[in-house]
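# Structural features, examined
If you want the building blocks of each chain, they are given just below.
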Amino acid sequence: MNIKTIFLIGFFAISLVACKSEFLDVTPLVGSTEANFFLNAADAESATIACYNNLQQEVTNIQGSGQLAPHFRWYFGDVVSDDSHKGGASDGDEPDLFLFENFQGLASSKLVLAEWQVAYRGIAYCNLAIDRIPDVDMDETERNRYLGEASFIRAYWYFNLVTMFGDVPLILNNLAPSEYQQTRTPSAEVWTQIETDLEFARQFLPKRSGISVSEIGRATWGAATALLSKAHAHQLEWTPCRDLTYEVVASGEYFLDPDYANIFTEAGENGPGSIWEIQYMNASGGNWGNQLEGTFTNVFTRARGQFGGYGFNIPEQNFVDEFEPGDLRLAASVFQVGDQMGDRGEFTLDATGMPHEYYTKKFFINASDEAPFGDPNPNGYSNDRIIRFADVLLFHAEAQYHLGDAAAARLFVNEVRNRVSLQPIPVNVIGPDLLEAIYHERRVELGLEGHRFFDLVRQGRASTILADAGFLAGVNEVFPIPEVEITLSGGSITQNNGY
């Protein structure tokens, strides 16, 4: 039974996380203020769990705009890459996203504003917990774990911000009104803070084997260590990336699910290869603009017509062509014409009413699995697979390649390939061909999970691969700073080059 816990701190009504695997049964504290809240260990725990709240917000009320806006990582990671295109009913359906996929996105877009504001709301909750929990009289081990969780989530938000926008304001405490107009912090300093938070987090967070079933979804040592390795990879710091990814591998905490297709089913959530997932459920009764426990991704990516979806994130032909003959991951990632779409019927163009020959499969759910009450659209159950073990293995391979150990690079790529019964990379594949094989494996293994655009940027290949789509080097590696935020800052925040 999932228990939703709500408490108030100051002027914020914070709806706590309610997951399929419930975090904890925390006594509701309604009407609390910051002054009388942080009094005991239970308060500290509630404040920590509140830090998870904004992770689940996928369609949010945009402050100051009076409108709703989606903020999916796959909007920018997939649609703006060569893996997929927008889809929808027409070019005019989510027109801001149409502009971004053609590298004409505007600073006035509600999409970038949503990404920015949701992240900073999440950071504010983390800052409050990190500031106040040290003063609570409680068990030191518990205190450090809660601080580790808040630090991990803050690092995750800054990871998303810096990879999307580059230089961003680095806010590490709760601001007084006189401090609201902040300037941008150089991205190098933001990365340093991400590293600091994650080093702290992994020092005090438990390993996955050390948490109870009811705590699944909370941050662990593995999640902090894996995210730290990714932070180093994005900065092309290959030695720490190699060392950290190997720590995760050597821990024995994770292994690849033998059945790739199982990863994206409800039964496969939080599976053996899952390092961190954002949890969702289909029975919370959430609604448009007030959705906290269910995902919109299921309906957004499902085919239109008789399938009842919105038809976004349409796989590109060259993404489909990237899969080798016999690669089982294609059928687990993409619906093709003639496939059975679960209990919703056979995929035909007539059935969808659209010309698209492919649809995303990873977030498909059957009609029989929709929310048992309320509007099913904001109540999808599919977790966001944020960090998977395969991601770590492939980062390790990439690091080993850059550090000159081709044999180790092949070994770890082949571990991922072996799971889907593909032939290993031959020993005579070396140099740039080996690096290209690693890049290929990342694309097909992690496709349609929001990684591709950000991979191309950090690999320095975006300006070549996305040139025909309009990508301009020196501009489109990052997205525009929301103009609303520039205005609110009184001009203290400056715009990215080219926008």
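The following paragraphs examine the structure supplied in this document. The structure presented is a predicted model; accordingly, all values stated were derived computationally and were not measured. (Residues numbered from 1 in each chain as written. Predicted model: local features only at pLDDT ≥ 70, side-chain atom pairs only at ≥ 80, totals over all residues. Heavy atoms only, no water.)

## Structural notes on the overall build of the chain
When you go through the chain residue by residue, the secondary structure sums to 19 helices and 10 strands. The C-alpha radius of gyration computed for the chain amounts to 22 Å, which stays within 12% of the reference 23 Å derived for 499 residues, consistent with globular compactness. In the chain, the proportion of contacts linking residues at least 24 apart, taken out of those at least 6 apart, comes to 69%. Between the averaged position of the 33 positive side-chain charges in the chain and that of its 67 negative side-chain charges there is a distance of 2 Å. (Helix = DSSP H or I, 4+ residues; strand = E, 2+ residues; numbered from the N terminus. Rg over C-alpha atoms; globule rule 2.2 N^0.38 Å. Contact = heavy atoms within 4.5 Å. Lys, Arg positive; Asp, Glu negative; His and termini not counted. Charge placed at Lys NZ, Arg CZ, Asp CG, Glu CD.)

## Things to note about the pattern of salt bridges
Inspection of every chain in the model, using the stated rule, returns 33 salt bridges. Linking Glu-441 and Arg-329 is a salt bridge whose minimum nitrogen-to-oxygen distance equals 2.6 Å. Here Glu-441, found in helix α16 (residues 431-446), pairs with Arg-329, found in helix α12 (residues 329-333); they are 112 residues apart in sequence, far enough to count as distant. Across the pair, exposure class does not vary: Glu-441 and Arg-329 are buried alike. Via salt bridges that share partners, Glu-324, Asp-327, Arg-329, Lys-362, Arg-388, Arg-417, Arg-419, Glu-441, Glu-445 and Glu-449 belong to a single interconnected network. (Salt bridge = Lys/Arg side-chain N within 4 Å of Asp/Glu carboxyl O. Buried < 20%, exposed > 50% of the residue type's maximum accessible area, 1.4 Å probe, protein only.)

## So, the packing of aromatic side chains
Enumeration over the complete set of coordinates arrives at 29 aromatic pairs. An angle of 80° between the planes, with centres 5.3 Å apart, marks the rings of Phe-103 and Phe-471 as edge-to-face. Here Phe-103, found in the loop between α4 (95-101) and α5 (110-132), pairs with Phe-471, found in the loop between α18 (462-465) and α19 (483-488); they are 368 residues apart in sequence, far enough to count as distant. Of the two residues, Phe-103 and Phe-471, neither departs from the other in class, the shared state being buried. An angle of 85° between the planes, with centres 5.5 Å apart, marks the rings of Phe-453 and Phe-454 as edge-to-face. Take Phe-453: its relative accessible area is 0%, and that puts it in the buried class. (Phe/Tyr/Trp six-rings, centres within 6.5 Å; stacked < 30°, edge-to-face > 60°.)

## Concerning the nonpolar core
Core analysis: the largest hydrophobic core is formed by 100 residues, its most contacted members being Phe-76, Phe-152, Tyr-158, Phe-165, Ile-194, Ile-275 and Phe-479. In terms of residue count, helix α6 (residues 140-165) provides more of this core than any other element does, 14 residues in total. The contacts of Ile-275, once residues within four sequence positions are left out, are Thr-220, Gly-222, Ala-223, Ala-226, Val-248, Tyr-254, Ile-387, Arg-388, Phe-389 and Val-392. Met-341, Phe-347, Ala-351 and Met-354 belong to the second largest nonpolar core, which has 10 residues in total. (Core = buried A, V, L, I, M, F, W, Y, C linked by side-chain atoms within 4.5 Å.)

## Here's the deal with the packing of helix α14 (residues 389-402) against α16
The geometry of α14 relative to α16 is characterised by a closest axis approach of 10 Å and an angle of 170° between their N-to-C directions. If you check the angle between α14 and α16, you find them roughly antiparallel. Where α14 crosses over α16, the handedness of that crossing is left-handed. The residues of α16 that touch α14, namely those facing Ala-390, Asp-391, Leu-394, Phe-395, Ala-397, Glu-398, Tyr-401 and His-402, are Gly-431, Pro-432, Leu-434, Leu-435, Ile-438, Tyr-439, Glu-441, Arg-442, Glu-445 and Leu-446. (Axes fitted to C-alpha atoms, helices over the stretch in contact; angles between N-to-C directions. Parallel < 35°, antiparallel > 145°, perpendicular 65-115°, else oblique. Left-handed = near helix turned anticlockwise from the far one by under 90°.)

## A look at the environment of Ile-486
Relative to the helices and strands, Ile-486 resides in helix α19. In sequence terms Ile-486 and Ile-314 are 172 residues apart; their C-alpha atoms lie 33 Å from each other. Aside from chain neighbours lying at most four places away, what touches Ile-486 is Ile-481, Gly-491, Ile-493, Thr-494 and Gln-495.

## Things to note about the packing of helix α15 (residues 406-419) against α16
Two numbers describe a pair of packed helices, the interaxial angle and the distance between the axes. The N-to-C vectors of α15 and α16 enclose an angle of 30°; their axes lie 11 Å apart at closest approach. As the angle between them shows, α15 and α16 are arranged roughly parallel. Read as a crossing pair, α15 and α16 show a hand that is left-handed. Between α15 and α16, the contacting residues are Ala-406, Ala-409, Arg-410, Val-413, Val-416, Arg-417 and Arg-419 on the first element and Leu-434, Ile-438, His-440, Glu-441 and Glu-445 on the second. Split into classes, the residues belonging to the contact of α15 with α16 amount to 6 nonpolar, 1 polar and 5 charged. (Nonpolar A, V, L, I, M, F, W, Y, C, P; charged D, E, K, R; others polar.)

## Focus: the state of the cysteines
Throughout the structure, instances matching the rule amount to 0 disulfides. Just so you know, Cys-126 is unpaired, no disulfide at all, and the nearest cysteine sulfur is the one on Cys-51, 4.0 Å from it. On the basis of relative accessible area, Cys-126 is assigned to the buried category, the value being 0%. (Disulfide = S-S within 2.5 Å.)

## Quick word on α14
Counted at 1.5 Å a residue, the expected span for α14 with its 14 residues is 20 Å, and the 20 Å between its end C-alpha atoms agrees. Most of α14 sits inside the fold, with 12 of its 14 residues counted as buried. Phi turns positive one or two residues past the end of α14, at Gly-404, with a value near 90°. (Expected span 1.5 Å × (residues − 1).)

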